[in-house]
Amino acid sequence: MKLTTHIFLDLLGVGELLENITTVVKDRLGLNPRRDCRQLAGKTAIVTGGNAGVGLATADALLRSGANVVLACRSAERGQSAAKQLAASTGCVGDSGSTVLAASDVDPPAAPRVMVELLDLASLASVRQFVQRWAASGRQLDLLVCNAGIMCPPERVETADGFELQFQSNYLSHFLLANCLVKHQQSLRRQQQAQRRRRGRGGETDCGETTRPLRVIFLSSMTHFGADLATTLADVPQSRTGWHSFQSYCNSKLCTLLAAKQLDRLFVRNAQLAAHGAAGAEAPPPASTMMLQRDVAVAVHPGLVDTFLARNYFKQSVPRPLRPLSDPFFEHLFCPYLLRSPEAAAQTVLYAATAPAAEVGGQYCGTSPHVSKHSAAAGDPVLAEHLWELSAHLCQLGPSELLD
Ligand SMILES: NC(=O)c1ccc[n+]([C@@H]2O[C@H](COP(=O)([O-])OP(=O)(O)OC[C@H]3O[C@@H](n4cnc5c(N)ncnc54)[C@H](OP(=O)(O)O)[C@@H]3O)[C@@H](O)[C@H]2O)c1
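Residues numbered from 1 in each chain as written. Predicted model: local features only at pLDDT ≥ 70, side-chain atom pairs only at ≥ 80, totals over all residues. Heavy atoms only, no water.

Student: Is there a simple way to think about the pattern of salt bridges in this case?
Tutor: One side chain can pair with another of opposite charge once the charged atoms of both are near each other. All told, the structure shown has 12 salt bridges when counted by the stated rule. With a closest N to O distance of 2.6 Å, Asp36 and Arg38 form a salt bridge. By relative accessible area, Asp36 is classed as partly exposed at 46%. Between Asp264 and Arg294 there is a salt bridge, with its nearest N and O atoms 3.0 Å apart. Of the two residues, Asp264 is situated in helix α7 (residues 245–279) and Arg294 in the loop between α8 (289–292) and β7 (296–300); the sequence distance between them amounts to 30 residues. Take Asp264: its relative accessible area is 4%, and that puts it in the buried class. Among the ionic contacts, a cluster of salt bridges with common partners joins Asp306, Arg311, Lys315 and Glu331. (Salt bridge = Lys/Arg side-chain N within 4 Å of Asp/Glu carboxyl O. Buried < 20%, exposed > 50% of the residue type's maximum accessible area, 1.4 Å probe, protein only. Helix = DSSP H or I, 4+ residues; strand = E, 2+ residues; numbered from the N terminus.)

Student: Where do I start with helix α5 (residues 165–198) in this structure?
Tutor: The periodicity of an α-helix, 3.6 residues per turn, causes residues three or four places apart in sequence to face the same way. Taking 1.5 Å as the rise per residue, α5 with 34 residues should run 50 Å; its terminal C-alpha atoms sit 48 Å apart, in good agreement. Helix geometry: α5 is bent most strongly at Leu172, by close to 30°. Capping the start of α5 is the job of one residue whose side-chain oxygen sits 3.2 Å from the backbone nitrogen of Gln166: Glu164. Of the residues one or two after α5, Gly200 is the one with positive phi, at around 85°. (Expected span 1.5 Å × (residues − 1). Bend = angle between axes of the 7 residues up to and from the residue. Polar contact = N/O pair within 3.5 Å; in protein donor to acceptor, adjacent residues only side chain to side chain.)

Student: Help me understand the site of the ligand in this model?
Tutor: Around the ligand lies a shell of 29 residues, among which Arg74, Arg78, Asn147, Tyr249 and Thr307 are the nearest. For the ligand, an oxygen atom lies 2.7 Å from a polar atom in the side chain of Arg78. When the free accessible area of the ligand is taken as 900 Å², the share hidden by the protein chains comes to 94%. Looking at the shell around the ligand, the elements with two or more residues in it are α2 (53–64), α7 and α9 (308–316). The element that contributes the greatest number of residues to the shell around the ligand is α9, accounting for 3 residues. Class assignment of the residues belonging to the shell around the ligand gives a composition of 15 nonpolar, 10 polar and 4 charged. (Near = heavy atom within 4 Å. Areas by Shrake-Rupley, 256 points an atom, 1.4 Å probe, with all protein chains shown as cover. Nonpolar A, V, L, I, M, F, W, Y, C, P; charged D, E, K, R; others polar.)

Any link to function would need more than the numbers given here.
This is the structure we're talking about:
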């Protein structure tokens, strides 16, 4: 990596930290409003990496709002332990079995329910298996939080699928998961519509009042400003040449932001088509309940948050011989006082989950929480489409599997 890029990334880190301190002060003074999330009651959410950090705090907040939550985790043990913790803290019903996506689960219980399901984002096969089990369960999905992530492994690791670990775990597998779950949701809706028509109550459209809109949230990061995709796109899947741990993380976070924007463009287009269909080809699309109730994709920067990911990153940034001195500083002072709590960060996710479609659709939500500015590259629709198509190719998605 070039020296100028190093300096840019360092300055970016300092800028992020300064912005974060302001946010932490506001969090502590209660100036960042908490969301009223009653609209989530009875809904079903999947949170990847829901067993720790921001994902665990998000699951907790969703359950307290009355939503059912599936913790999609790579470790059954860590998942079950998180589910137990959540059941104790929120009063929700915990799952005790391992086949949580069995068809018998379809009827929602009275109290919100937390479930654990295996998902290893370092494996495309694991993602496909998860989607298969989900489809077989017949469940309706209301919210997908693509949260799981890793940051800056000390050396380059390649997954069994042949991709650099951060690229696949943070981005590519989430692309596959979101694409397949949305596709499944769309076909479920078509079946429901056809059933309603057969029963003589037809006329509703995809976004009609009888269907529940889906929301997909991608955890991005302010570090996406440091991404360098334009020059390295051809090498992104492998990141072999000139691999730099932090650069690779930044790139993966720009990819998630581009994916959120591209997915939202597809959602908007589908809602417009549905509106045309509803109004008849001659009439202009009605302004719109269609657009208000449409599916939404949105990206989030939760701030710098006191989690394993952040602690590990800061500790590793110090040369090894100095770590006996620096580790306690990060452990007891820096992280607990200068970083956001996971609970506060989860409020940004909840904002993205509950704000009106017109406000957050296709946007990048920052701390506070509100819609924030992103990099110029993140707003480039050509780059987003190119990445979407490349990702479909890398995941070997057949034409009938790819969202259109
Ligand atoms: N913390 C921050 O300052 C910060 C800032 C900006 C953005 N973010 C983003 O926020 C998200 C959550 O991070 P966090 O800070 O909460 O980190 P964290 O506490 O380290 O939690 C990460 C979660 O991701 C899971 N995970 C990692 N690799 C996985 C894989 N291959 N398959 C399935 N799950 C996997 C972890 O599972 P295990 O428990 O099994 O390891 C864990 O549940 C990440 O996308 C991160 O990039 C964080």
